[in-house]
Amino acid sequence: MNEHVQQRLMVGFATNVIGRAAGAIIQFVQVPVLMHYWGEPMFGTWVILTAIPGYLALSNIGFGSVAGNEMTMLMARKEQSAALRVFQSCWWLISLMIGAVGALFCVALYFLPMAKLLNLTGISEHDTSWALFWLGIALLFGQLEQLLQASYRSIARYSYGTFLKSALSLAAFGAQLVPVIMGYGPRTTAMVFGLANITVTLILCVCVKRDIPWISYGWSHASLAEIKKLTRPSLAFMGFPLGIALNLQGSQMAVNYALGADAVAVFATARTISRTALQVVELVKNTVWPELSIAFGTGDMELVRSLHRRACQVALFISLSVVVVVAVLGPTFLHKWTLGKVPASPGLLGLLLIVVVFYALWSTSSTLVAAINLHERLATVYTFATGITVVVTYFAARKFGLYGAAGSLLLSEMIMDAYVLPSSLRISHDTWGGFLWALVHYPEVLKPAVLWRRIRNYHPSEQKNVCRGPRD
(Lines give C-alpha, C1' and ligand atoms only; values in the text may rest on other atoms or scores of the structure.)
Protein backbone atom coordinates (compact mmCIF):
# COMPACT_ATOMS: atom_id res chain seq x y z
CA MET A 1 0.00 0.00 0.00
CA ASN A 2 1.72 3.18 -1.20
CA GLU A 3 2.19 6.36 0.79
CA HIS A 4 -0.49 8.38 -1.00
CA VAL A 5 -3.17 5.74 -0.40
CA GLN A 6 -2.28 5.53 3.29
CA GLN A 7 -2.44 9.30 3.67
CA ARG A 8 -5.82 9.52 1.92
CA LEU A 9 -7.12 6.75 4.15
CA MET A 10 -5.99 8.56 7.28
CA VAL A 11 -7.57 11.86 6.27
CA GLY A 12 -10.65 10.07 4.94
CA PHE A 13 -11.07 8.25 8.23
CA ALA A 14 -10.75 11.50 10.17
CA THR A 15 -13.39 13.27 8.07
CA ASN A 16 -15.70 10.27 8.30
CA VAL A 17 -15.32 10.45 12.07
CA ILE A 18 -16.51 14.05 11.83
CA GLY A 19 -19.40 12.94 9.64
CA ARG A 20 -20.44 10.20 12.05
CA ALA A 21 -20.06 12.60 14.96
CA ALA A 22 -22.47 14.95 13.21
CA GLY A 23 -24.93 12.09 12.81
CA ALA A 24 -24.52 11.13 16.46
CA ILE A 25 -25.12 14.73 17.54
CA ILE A 26 -28.32 14.78 15.54
CA GLN A 27 -29.54 11.53 17.09
CA PHE A 28 -28.55 12.30 20.66
CA VAL A 29 -29.84 15.88 20.65
CA GLN A 30 -33.05 15.14 18.81
CA VAL A 31 -34.41 12.56 21.27
CA PRO A 32 -34.27 14.60 24.52
CA VAL A 33 -35.47 17.76 22.74
CA LEU A 34 -38.46 16.05 21.16
CA MET A 35 -39.18 14.12 24.36
CA HIS A 36 -39.16 17.36 26.37
CA TYR A 37 -41.35 19.46 24.07
CA TRP A 38 -43.62 16.76 22.62
CA GLY A 39 -43.67 13.91 25.13
CA GLU A 40 -43.24 10.19 24.54
CA PRO A 41 -46.46 9.49 22.53
CA MET A 42 -45.86 12.31 20.01
CA PHE A 43 -42.18 11.34 19.74
CA GLY A 44 -43.26 7.80 18.85
CA THR A 45 -45.58 9.29 16.24
CA TRP A 46 -42.69 11.31 14.75
CA VAL A 47 -40.53 8.18 14.55
CA ILE A 48 -43.27 6.45 12.56
CA LEU A 49 -43.81 9.49 10.29
CA THR A 50 -40.13 9.75 9.45
CA ALA A 51 -39.98 6.02 8.75
CA ILE A 52 -42.53 6.02 5.91
CA PRO A 53 -40.74 8.39 3.46
CA GLY A 54 -37.65 6.20 3.86
CA TYR A 55 -39.16 3.90 1.26
CA LEU A 56 -38.91 6.71 -1.29
CA ALA A 57 -35.15 6.13 -1.22
CA LEU A 58 -35.91 3.49 -3.83
CA SER A 59 -36.67 6.28 -6.31
CA ASN A 60 -33.06 6.61 -7.47
CA ILE A 61 -32.83 2.81 -7.97
CA GLY A 62 -29.16 2.94 -7.02
CA PHE A 63 -28.02 5.02 -9.99
CA GLY A 64 -26.25 7.49 -7.70
CA SER A 65 -24.15 4.81 -6.00
CA VAL A 66 -23.46 2.80 -9.15
CA ALA A 67 -22.56 5.95 -11.09
CA GLY A 68 -20.21 7.00 -8.29
CA ASN A 69 -18.38 3.68 -8.48
CA GLU A 70 -18.15 3.87 -12.25
CA MET A 71 -16.94 7.49 -12.23
CA THR A 72 -14.27 6.68 -9.65
CA MET A 73 -12.92 3.73 -11.64
CA LEU A 74 -12.96 5.80 -14.86
CA MET A 75 -11.11 8.71 -13.29
CA ALA A 76 -8.53 6.29 -11.88
CA ARG A 77 -7.82 5.42 -15.53
CA LYS A 78 -7.85 9.15 -16.51
CA GLU A 79 -11.05 8.82 -18.59
CA GLN A 80 -12.61 12.18 -17.70
CA SER A 81 -14.99 12.47 -20.66
CA ALA A 82 -16.47 9.06 -19.89
CA ALA A 83 -16.92 10.06 -16.24
CA LEU A 84 -18.79 13.21 -17.29
CA ARG A 85 -21.02 11.12 -19.55
CA VAL A 86 -21.92 8.92 -16.58
CA PHE A 87 -22.62 11.96 -14.38
CA GLN A 88 -24.94 13.75 -16.81
CA SER A 89 -26.81 10.60 -17.79
CA CYS A 90 -27.54 9.70 -14.20
CA TRP A 91 -28.35 13.29 -13.18
CA TRP A 92 -31.23 13.56 -15.61
CA LEU A 93 -32.50 10.05 -15.00
CA ILE A 94 -32.58 10.59 -11.23
CA SER A 95 -34.33 13.95 -11.73
CA LEU A 96 -37.05 12.37 -13.86
CA MET A 97 -37.55 9.57 -11.36
CA ILE A 98 -37.79 12.04 -8.50
CA GLY A 99 -40.58 13.87 -10.35
CA ALA A 100 -42.49 10.69 -11.17
CA VAL A 101 -42.21 9.15 -7.69
CA GLY A 102 -43.01 12.49 -6.05
CA ALA A 103 -46.22 12.80 -8.09
CA LEU A 104 -47.33 9.27 -7.17
CA PHE A 105 -46.54 9.92 -3.52
CA CYS A 106 -48.68 13.07 -3.51
CA VAL A 107 -51.62 11.20 -5.08
CA ALA A 108 -51.32 8.49 -2.42
CA LEU A 109 -51.31 11.09 0.38
CA TYR A 110 -54.37 12.80 -1.06
CA PHE A 111 -56.56 9.70 -1.30
CA LEU A 112 -55.35 7.43 1.53
CA PRO A 113 -56.22 7.85 5.25
CA MET A 114 -52.58 7.76 6.34
CA ALA A 115 -53.14 8.32 10.07
CA LYS A 116 -55.55 5.39 10.20
CA LEU A 117 -53.29 3.14 8.13
CA LEU A 118 -50.30 3.93 10.36
CA ASN A 119 -52.28 3.41 13.56
CA LEU A 120 -51.65 7.01 14.66
CA THR A 121 -54.09 8.49 17.18
CA GLY A 122 -52.29 11.62 18.39
CA ILE A 123 -52.30 13.50 15.07
CA SER A 124 -55.04 14.40 12.56
CA GLU A 125 -55.31 12.99 9.05
CA HIS A 126 -54.67 16.46 7.60
CA ASP A 127 -51.47 17.03 9.59
CA THR A 128 -50.28 13.47 8.90
CA SER A 129 -50.56 13.94 5.15
CA TRP A 130 -48.76 17.30 5.16
CA ALA A 131 -45.99 16.03 7.43
CA LEU A 132 -45.42 13.04 5.15
CA PHE A 133 -45.45 15.32 2.10
CA TRP A 134 -42.64 17.53 3.40
CA LEU A 135 -40.59 14.60 4.70
CA GLY A 136 -40.97 12.87 1.35
CA ILE A 137 -39.96 15.96 -0.62
CA ALA A 138 -36.84 16.33 1.53
CA LEU A 139 -35.80 12.75 0.93
CA LEU A 140 -36.45 12.88 -2.81
CA PHE A 141 -34.29 15.97 -3.28
CA GLY A 142 -31.66 14.31 -1.13
CA GLN A 143 -31.29 11.52 -3.71
CA LEU A 144 -29.25 13.91 -5.86
CA GLU A 145 -26.77 14.37 -3.01
CA GLN A 146 -25.45 10.85 -3.52
CA LEU A 147 -24.43 11.65 -7.09
CA LEU A 148 -23.01 15.02 -6.07
CA GLN A 149 -20.83 13.46 -3.37
CA ALA A 150 -19.74 10.82 -5.86
CA SER A 151 -18.21 13.61 -7.92
CA TYR A 152 -15.78 14.38 -5.09
CA ARG A 153 -15.14 10.66 -4.65
CA SER A 154 -14.21 10.28 -8.32
CA ILE A 155 -11.30 12.73 -7.96
CA ALA A 156 -10.15 11.29 -4.59
CA ARG A 157 -11.47 14.27 -2.65
CA TYR A 158 -14.10 12.22 -0.86
CA SER A 159 -12.92 13.50 2.52
CA TYR A 160 -13.87 17.07 1.56
CA GLY A 161 -17.22 15.96 0.20
CA THR A 162 -17.96 14.13 3.45
CA PHE A 163 -17.04 17.15 5.56
CA LEU A 164 -19.15 19.49 3.45
CA LYS A 165 -22.21 17.24 3.67
CA SER A 166 -21.81 16.84 7.45
CA ALA A 167 -21.69 20.60 8.03
CA LEU A 168 -24.77 21.20 5.89
CA SER A 169 -26.68 18.37 7.59
CA LEU A 170 -26.02 19.89 11.01
CA ALA A 171 -27.31 23.24 9.76
CA ALA A 172 -30.50 21.60 8.44
CA PHE A 173 -30.99 19.79 11.75
CA GLY A 174 -30.61 23.03 13.67
CA ALA A 175 -33.32 24.58 11.51
CA GLN A 176 -35.61 21.61 12.23
CA LEU A 177 -35.38 22.12 15.99
CA VAL A 178 -36.53 25.75 15.82
CA PRO A 179 -40.25 25.00 15.30
CA VAL A 180 -40.13 22.25 17.95
CA ILE A 181 -38.78 24.66 20.56
CA MET A 182 -41.32 27.29 19.48
CA GLY A 183 -44.15 24.88 20.26
CA TYR A 184 -45.14 23.70 16.79
CA GLY A 185 -46.04 20.09 16.00
CA PRO A 186 -44.90 17.50 13.44
CA ARG A 187 -46.52 19.23 10.44
CA THR A 188 -44.58 22.50 10.77
CA THR A 189 -41.41 20.71 11.84
CA ALA A 190 -41.55 18.52 8.75
CA MET A 191 -42.06 21.58 6.53
CA VAL A 192 -38.96 23.32 7.94
CA PHE A 193 -37.00 20.06 7.64
CA GLY A 194 -38.03 19.70 4.02
CA LEU A 195 -37.15 23.25 3.03
CA ALA A 196 -33.80 23.03 4.82
CA ASN A 197 -32.82 19.84 3.02
CA ILE A 198 -33.84 21.25 -0.36
CA THR A 199 -31.54 24.19 0.37
CA VAL A 200 -28.70 21.79 1.28
CA THR A 201 -29.04 20.01 -2.06
CA LEU A 202 -28.88 23.30 -3.98
CA ILE A 203 -25.79 24.40 -2.06
CA LEU A 204 -24.07 21.12 -2.89
CA CYS A 205 -24.85 21.68 -6.58
CA VAL A 206 -23.07 25.02 -6.48
CA CYS A 207 -20.08 23.63 -4.56
CA VAL A 208 -19.57 20.73 -6.97
CA LYS A 209 -19.59 23.04 -9.99
CA ARG A 210 -17.14 25.39 -8.28
CA ASP A 211 -14.71 22.69 -7.11
CA ILE A 212 -14.83 20.35 -10.14
CA PRO A 213 -14.82 22.49 -13.31
CA TRP A 214 -15.28 19.57 -15.70
CA ILE A 215 -18.65 18.74 -14.11
CA SER A 216 -21.60 20.35 -15.89
CA TYR A 217 -25.36 20.01 -15.44
CA GLY A 218 -26.33 20.06 -19.12
CA TRP A 219 -27.38 17.12 -21.26
CA SER A 220 -24.92 17.29 -24.16
CA HIS A 221 -22.87 14.39 -22.77
CA ALA A 222 -25.83 12.33 -21.53
CA SER A 223 -26.14 8.95 -23.21
CA LEU A 224 -28.96 6.41 -23.35
CA ALA A 225 -26.36 3.72 -23.98
CA GLU A 226 -24.64 4.66 -20.72
CA ILE A 227 -27.92 4.34 -18.84
CA LYS A 228 -28.55 0.91 -20.34
CA LYS A 229 -25.06 -0.18 -19.34
CA LEU A 230 -25.65 0.77 -15.71
CA THR A 231 -29.29 -0.28 -15.50
CA ARG A 232 -28.80 -3.84 -14.29
CA PRO A 233 -26.39 -3.07 -11.42
CA SER A 234 -28.50 -0.02 -10.56
CA LEU A 235 -31.69 -2.05 -10.34
CA ALA A 236 -29.84 -4.52 -8.16
CA PHE A 237 -28.65 -1.70 -5.92
CA MET A 238 -32.30 -1.03 -5.14
CA GLY A 239 -32.08 -3.99 -2.78
CA PHE A 240 -29.85 -2.05 -0.38
CA PRO A 241 -32.18 0.88 0.41
CA LEU A 242 -35.06 -1.59 0.47
CA GLY A 243 -33.18 -3.84 2.87
CA ILE A 244 -32.15 -0.90 5.05
CA ALA A 245 -35.72 0.35 5.12
CA LEU A 246 -36.95 -3.11 6.11
CA ASN A 247 -34.23 -3.44 8.72
CA LEU A 248 -34.82 -0.03 10.33
CA GLN A 249 -38.27 1.31 9.49
CA GLY A 250 -39.73 -2.14 8.84
CA SER A 251 -38.77 -3.44 12.26
CA GLN A 252 -40.18 -0.29 13.89
CA MET A 253 -43.46 -0.73 12.03
CA ALA A 254 -43.57 -4.39 13.11
CA VAL A 255 -43.16 -3.28 16.73
CA ASN A 256 -45.81 -0.60 16.22
CA TYR A 257 -48.41 -3.05 14.92
CA ALA A 258 -47.52 -5.64 17.57
CA LEU A 259 -47.13 -3.41 20.65
CA GLY A 260 -48.12 0.19 19.78
CA ALA A 261 -46.40 3.60 19.41
CA ASP A 262 -45.23 3.74 23.05
CA ALA A 263 -43.23 0.55 22.53
CA VAL A 264 -41.76 2.03 19.34
CA ALA A 265 -40.35 4.94 21.38
CA VAL A 266 -38.56 2.51 23.74
CA PHE A 267 -37.36 0.23 20.93
CA ALA A 268 -36.16 3.10 18.70
CA THR A 269 -34.21 4.90 21.42
CA ALA A 270 -32.54 1.70 22.67
CA ARG A 271 -31.60 0.80 19.10
CA THR A 272 -30.16 4.27 18.55
CA ILE A 273 -27.83 3.73 21.52
CA SER A 274 -26.78 0.30 20.26
CA ARG A 275 -26.10 1.68 16.78
CA THR A 276 -23.34 3.88 18.22
CA ALA A 277 -21.04 0.93 17.61
CA LEU A 278 -22.51 0.43 14.15
CA GLN A 279 -21.61 4.01 13.24
CA VAL A 280 -17.94 3.15 13.74
CA VAL A 281 -18.31 0.31 11.25
CA GLU A 282 -19.92 2.66 8.75
CA LEU A 283 -17.11 5.19 8.93
CA VAL A 284 -14.56 2.43 8.17
CA LYS A 285 -16.65 1.35 5.18
CA ASN A 286 -17.04 4.89 3.85
CA THR A 287 -13.31 5.48 4.16
CA VAL A 288 -12.18 2.40 2.27
CA TRP A 289 -14.97 2.38 -0.38
CA PRO A 290 -13.41 4.95 -2.77
CA GLU A 291 -9.96 3.38 -2.48
CA LEU A 292 -11.36 -0.05 -3.37
CA SER A 293 -12.93 1.45 -6.51
CA ILE A 294 -9.67 3.18 -7.43
CA ALA A 295 -7.55 0.08 -6.83
CA PHE A 296 -9.89 -2.19 -8.78
CA GLY A 297 -10.10 0.38 -11.58
CA THR A 298 -6.33 0.28 -12.02
CA GLY A 299 -6.19 -3.52 -11.70
CA ASP A 300 -4.17 -3.53 -8.46
CA MET A 301 -5.54 -6.73 -6.89
CA GLU A 302 -2.84 -6.82 -4.23
CA LEU A 303 -4.03 -3.45 -2.95
CA VAL A 304 -7.68 -4.57 -3.19
CA ARG A 305 -6.89 -7.59 -1.02
CA SER A 306 -4.95 -5.55 1.50
CA LEU A 307 -7.68 -2.91 1.80
CA HIS A 308 -10.36 -5.55 2.29
CA ARG A 309 -8.40 -7.34 5.03
CA ARG A 310 -7.52 -4.21 6.95
CA ALA A 311 -11.00 -2.75 6.72
CA CYS A 312 -12.54 -5.90 8.18
CA GLN A 313 -9.90 -6.04 10.92
CA VAL A 314 -10.31 -2.42 11.99
CA ALA A 315 -14.12 -2.51 11.84
CA LEU A 316 -14.33 -5.69 13.91
CA PHE A 317 -11.83 -4.50 16.53
CA ILE A 318 -13.36 -1.05 16.98
CA SER A 319 -16.95 -2.32 16.99
CA LEU A 320 -16.16 -4.88 19.71
CA SER A 321 -14.48 -2.17 21.79
CA VAL A 322 -17.41 0.21 21.43
CA VAL A 323 -19.90 -2.59 22.18
CA VAL A 324 -18.20 -3.26 25.50
CA VAL A 325 -18.30 0.42 26.46
CA VAL A 326 -21.94 0.83 25.42
CA ALA A 327 -22.93 -2.35 27.27
CA VAL A 328 -21.53 -0.88 30.49
CA LEU A 329 -22.62 2.74 30.18
CA GLY A 330 -25.52 2.51 27.74
CA PRO A 331 -28.43 1.55 30.06
CA THR A 332 -27.84 4.46 32.42
CA PHE A 333 -27.28 6.85 29.53
CA LEU A 334 -30.48 5.66 27.84
CA HIS A 335 -32.57 6.45 30.91
CA LYS A 336 -31.03 9.91 31.44
CA TRP A 337 -30.94 10.72 27.73
CA THR A 338 -34.71 10.25 27.44
CA LEU A 339 -35.29 12.37 30.56
CA GLY A 340 -36.34 9.30 32.54
CA LYS A 341 -39.21 8.48 30.18
CA VAL A 342 -37.58 5.30 28.84
CA PRO A 343 -36.34 2.59 31.25
CA ALA A 344 -32.65 1.62 31.28
CA SER A 345 -33.45 -1.78 29.67
CA PRO A 346 -29.99 -3.45 29.93
CA GLY A 347 -31.33 -6.73 28.53
CA LEU A 348 -32.88 -5.06 25.49
CA LEU A 349 -29.74 -3.03 24.84
CA GLY A 350 -27.54 -6.11 25.24
CA LEU A 351 -29.47 -8.03 22.59
CA LEU A 352 -29.25 -5.10 20.18
CA LEU A 353 -25.48 -4.87 20.74
CA ILE A 354 -25.05 -8.56 19.86
CA VAL A 355 -26.79 -7.78 16.57
CA VAL A 356 -24.21 -5.06 15.89
CA VAL A 357 -21.29 -7.50 16.34
CA PHE A 358 -22.76 -9.89 13.77
CA TYR A 359 -23.37 -6.95 11.45
CA ALA A 360 -19.84 -5.53 11.63
CA LEU A 361 -17.96 -8.22 9.73
CA TRP A 362 -20.30 -8.89 6.81
CA SER A 363 -21.16 -5.23 6.31
CA THR A 364 -17.52 -4.16 6.05
CA SER A 365 -16.64 -7.07 3.78
CA SER A 366 -19.56 -6.26 1.47
CA THR A 367 -17.98 -2.88 0.70
CA LEU A 368 -15.65 -4.62 -1.75
CA VAL A 369 -18.57 -6.14 -3.65
CA ALA A 370 -20.54 -2.88 -3.78
CA ALA A 371 -17.57 -0.62 -4.64
CA ILE A 372 -16.94 -2.37 -7.96
CA ASN A 373 -20.60 -2.82 -9.01
CA LEU A 374 -20.68 -6.60 -8.53
CA HIS A 375 -23.44 -6.50 -5.96
CA GLU A 376 -26.46 -7.91 -7.78
CA ARG A 377 -26.80 -11.19 -5.87
CA LEU A 378 -25.70 -9.54 -2.62
CA ALA A 379 -28.59 -7.06 -2.81
CA THR A 380 -31.07 -9.86 -3.48
CA VAL A 381 -29.87 -11.87 -0.50
CA TYR A 382 -29.97 -8.79 1.75
CA THR A 383 -33.53 -7.93 0.75
CA PHE A 384 -34.64 -11.51 1.35
CA ALA A 385 -32.92 -11.70 4.74
CA THR A 386 -34.32 -8.41 6.04
CA GLY A 387 -37.79 -9.12 4.66
CA ILE A 388 -37.98 -12.46 6.46
CA THR A 389 -36.68 -10.79 9.62
CA VAL A 390 -39.46 -8.15 9.64
CA VAL A 391 -42.09 -10.89 9.65
CA VAL A 392 -40.27 -12.74 12.42
CA THR A 393 -39.95 -9.48 14.39
CA TYR A 394 -43.71 -8.96 14.40
CA PHE A 395 -44.50 -12.41 15.74
CA ALA A 396 -41.57 -12.37 18.16
CA ALA A 397 -42.73 -9.01 19.53
CA ARG A 398 -46.28 -10.31 19.95
CA LYS A 399 -45.06 -13.36 21.90
CA PHE A 400 -41.99 -12.08 23.78
CA GLY A 401 -42.33 -8.28 23.72
CA LEU A 402 -39.39 -6.00 22.95
CA TYR A 403 -36.85 -8.68 23.86
CA GLY A 404 -38.30 -10.88 21.14
CA ALA A 405 -38.19 -8.03 18.64
CA ALA A 406 -34.51 -7.32 19.41
CA GLY A 407 -33.47 -10.96 19.31
CA SER A 408 -35.19 -11.56 15.97
CA LEU A 409 -32.87 -9.02 14.29
CA LEU A 410 -30.03 -11.56 14.56
CA LEU A 411 -31.59 -13.63 11.79
CA SER A 412 -30.71 -11.32 8.91
CA GLU A 413 -27.17 -10.70 10.20
CA MET A 414 -26.38 -14.42 10.39
CA ILE A 415 -27.68 -15.01 6.87
CA MET A 416 -25.53 -12.19 5.51
CA ASP A 417 -22.37 -13.36 7.31
CA ALA A 418 -22.75 -16.78 5.71
CA TYR A 419 -23.08 -15.28 2.22
CA VAL A 420 -20.87 -12.18 2.05
CA LEU A 421 -17.48 -13.37 3.31
CA PRO A 422 -16.97 -16.16 0.74
CA SER A 423 -18.03 -13.78 -2.06
CA SER A 424 -15.55 -11.09 -1.06
CA LEU A 425 -12.70 -13.58 -0.73
CA ARG A 426 -13.33 -14.83 -4.27
CA ILE A 427 -13.31 -11.31 -5.71
CA SER A 428 -10.09 -10.32 -3.94
CA HIS A 429 -8.38 -13.66 -4.80
CA ASP A 430 -7.93 -14.25 -1.09
CA THR A 431 -7.90 -17.42 1.02
CA TRP A 432 -9.63 -18.15 4.31
CA GLY A 433 -6.29 -18.78 5.99
CA GLY A 434 -4.78 -15.50 4.81
CA PHE A 435 -7.90 -13.54 5.63
CA LEU A 436 -8.32 -14.94 9.15
CA TRP A 437 -4.62 -14.43 9.88
CA ALA A 438 -4.93 -10.81 8.78
CA LEU A 439 -7.78 -10.29 11.26
CA VAL A 440 -5.52 -11.10 14.22
CA HIS A 441 -2.24 -9.78 12.82
CA TYR A 442 -1.37 -6.25 13.98
CA PRO A 443 0.53 -4.50 11.14
CA GLU A 444 3.04 -1.74 11.69
CA VAL A 445 0.93 0.83 9.83
CA LEU A 446 -1.92 0.52 12.37
CA LYS A 447 0.15 1.25 15.45
CA PRO A 448 -1.00 4.49 17.16
CA ALA A 449 2.42 6.13 16.95
CA VAL A 450 2.67 5.44 13.21
CA LEU A 451 -0.88 6.69 12.56
CA TRP A 452 -0.19 9.91 14.44
CA ARG A 453 3.06 10.48 12.59
CA ARG A 454 1.33 10.05 9.23
CA ILE A 455 -1.42 12.48 10.13
CA ARG A 456 1.12 15.09 11.28
CA ASN A 457 3.14 14.71 8.07
CA TYR A 458 0.09 14.81 5.76
CA HIS A 459 0.03 17.53 3.08
CA PRO A 460 -3.37 18.36 1.50
CA SER A 461 -1.81 18.83 -1.94
CA GLU A 462 -0.98 15.12 -2.05
CA GLN A 463 -4.67 14.26 -1.81
CA LYS A 464 -5.07 15.06 -5.48
CA ASN A 465 -2.74 12.25 -6.51
CA VAL A 466 -4.70 9.07 -7.14
CA CYS A 467 -1.99 7.25 -9.08
CA ARG A 468 -0.01 4.46 -7.53
CA GLY A 469 3.44 5.17 -6.30
CA PRO A 470 6.28 2.85 -5.23
CA ARG A 471 5.31 0.21 -2.68
CA ASP A 472 6.56 0.28 0.90
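Now for a description of the structure that goes with this document.

Rules used in this analysis
- Residues numbered from 1 in each chain as written.
- Predicted model: local features only at pLDDT ≥ 70, side-chain atom pairs only at ≥ 80, totals over all residues.
- Heavy atoms only, no water.
- Helix = DSSP H or I, 4+ residues; strand = E, 2+ residues; numbered from the N terminus.
- Buried < 20%, exposed > 50% of the residue type's maximum accessible area, 1.4 Å probe, protein only.
- Contact = heavy atoms within 4.5 Å.
- Areas by Shrake-Rupley, 256 points an atom, 1.4 Å probe, with all protein chains shown as cover.
- Expected span 1.5 Å × (residues − 1).
- Disulfide = S-S within 2.5 Å.
- Salt bridge = Lys/Arg side-chain N within 4 Å of Asp/Glu carboxyl O.
- Patch = residues over 30% accessible without salt bridge, like charges linked within 9 Å, V, L, I, M, F, W, Y side chains within 5 Å.
- Phe/Tyr/Trp six-rings, centres within 6.5 Å; stacked < 30°, edge-to-face > 60°.
- Core = buried A, V, L, I, M, F, W, Y, C linked by side-chain atoms within 4.5 Å.
- Axes fitted to C-alpha atoms, helices over the stretch in contact; angles between N-to-C directions.
- Parallel < 35°, antiparallel > 145°, perpendicular 65-115°, else oblique.
- Nonpolar A, V, L, I, M, F, W, Y, C, P; charged D, E, K, R; others polar.

All right, on to the overall build of the chain then. Looking only at helices and strands, the chain has 17 helices and zero strands in total. With respect to the three principal axes, the spread of C-alpha positions in the chain is 65 × 50 × 40 Å. Looking at the chain as a whole, 58% of its 472 residues qualify as buried. In the chain, the share of contacts with a sequence separation of at least 24, taken over all contacts with a separation of at least 6, comes to 83%. Surface accessibility of the chain: about 19700 Å² in total, with carbon and sulfur atoms responsible for 69%.

The end-to-end C-alpha separation of helix H3 (residues 63-76) is 20 Å, in line with the 20 Å expected for 14 residues at 1.5 Å each. Taken across its 14 residues, H3 has 14 buried, putting it largely inside the fold. Lys78 occupies a position one or two residues after H3 and carries a positive phi of about 65°.

As enumerated under the stated definition, the model contains zero disulfides in all. Here Cys205 is not disulfide-linked; the sulfur of Cys207 is the nearest cysteine sulfur, at 9.3 Å.

Time to look at the pattern of salt bridges. Evaluated as defined, the whole model comprises eight salt bridges. Of the charged contacts, one joins Arg187 and Asp127 as a salt bridge, the two residues approaching to 3.5 Å between their closest N and O atoms. In this pair, Arg187 is assigned in helix H8 (residues 186-211) and Asp127 in helix H6 (residues 125-154), connecting sequence segments 60 residues apart. The class for Arg187 is partly exposed, based on a relative accessible area of 34%. Since its relative accessible area comes to 26%, Asp127 is described here as partly exposed.

Topologically, Ile388 is positioned in helix H14 (residues 376-408). Residues Ile388 and Ser412 lie 24 residues apart in sequence; the distance between their C-alpha atoms is 7.8 Å.

The next point concerns a nonpolar patch on the surface. The grouping of Val107, Tyr110, Phe111, Leu112 and Leu117 at the surface amounts to a nonpolar patch, some 580 Å² of accessible area in total. When residues in the nonpolar patch are grouped by element, the largest group, three residues, is from helix H4 (residues 80-111). Note that Val107 resides in helix H4. Residue Val107 is classed as partly exposed on the basis of its relative accessible area of 46%.

By the definition in use, this model includes 14 aromatic pairs. With a centroid separation of 5.5 Å and an interplanar angle of 85°, the aromatic rings of Trp130 and Phe133 are classed as edge-to-face. Of the two residues, Trp130 and Phe133 are both situated in helix H6; the distance of three residues between them amounts to about one turn of the helix. For Trp130, a relative accessible area of 35% corresponds to the partly exposed category. Between Trp432 and Phe435 the ring centres are 6.4 Å apart and the planes differ by 80°, which places this aromatic pair in the edge-to-face class. Of this pair, Trp432 and Phe435 both sit in helix H16 (residues 432-440), three residues apart, which is roughly one turn of the helix. For Trp432, a relative accessible area of 43% translates into the label partly exposed. Judged by its relative accessible area of 1%, Phe435 falls in the buried class. Clustering of aromatic rings is evident, with ring pairs tying together Phe240, Tyr359, Trp362 and Tyr382.

Here we take up unusual backbone geometry. Non-glycine residue Lys78 carries a positive phi angle of around 65°. Mapped onto the elements, Lys78 comes out in the loop between H3 and H4. At His429, a residue that is not glycine, the phi angle is positive and equals roughly 55°.

Ranked by internal contacts, the top residues of the largest apolar core, which has 132 residues, are Phe63, Met71, Leu118, Leu132, Leu147, Trp214 and Met416. For this core, the leading source of residues is helix H11 (residues 261-297), giving 19 residues. If you look at the next biggest cluster of nonpolar residues, it comprises six residues, including Leu421, Leu425, Phe435 and Leu439.

Bringing the packing of H3 against H4 into the picture now. At a minimum axis distance of 9 Å, the contact between H3 and H4 shows a crossing angle of 175°. The orientation of H3 with respect to H4, classified from their angle, is roughly antiparallel. Packed against H3, whose contacting residues are Phe63, Gly64, Ala67, Glu70, Met71, Leu74 and Met75, the element H4 presents Gln80, Ala82, Ala83, Val86, Phe87, Cys90, Leu93, Ile94 and Met97 at the interface. Class assignment of the residues belonging to the contact of H3 with H4 gives a composition of 13 nonpolar, two polar and one charged.

A few words on the environment of Leu334. Along the chain, Leu334 turns up in helix H12 (residues 301-337). Residue Leu334 is classed as buried on the basis of its relative accessible area, which comes to 0%. Through-space distance from the C-alpha of Leu334 to that of Ala245 is 24 Å; in sequence the pair is 89 residues apart. Apart from the residues within four sequence positions on either side, Leu334 is in contact with Thr269, Ala270, Ile273, Val342, Pro343, Ala344 and Ser345.

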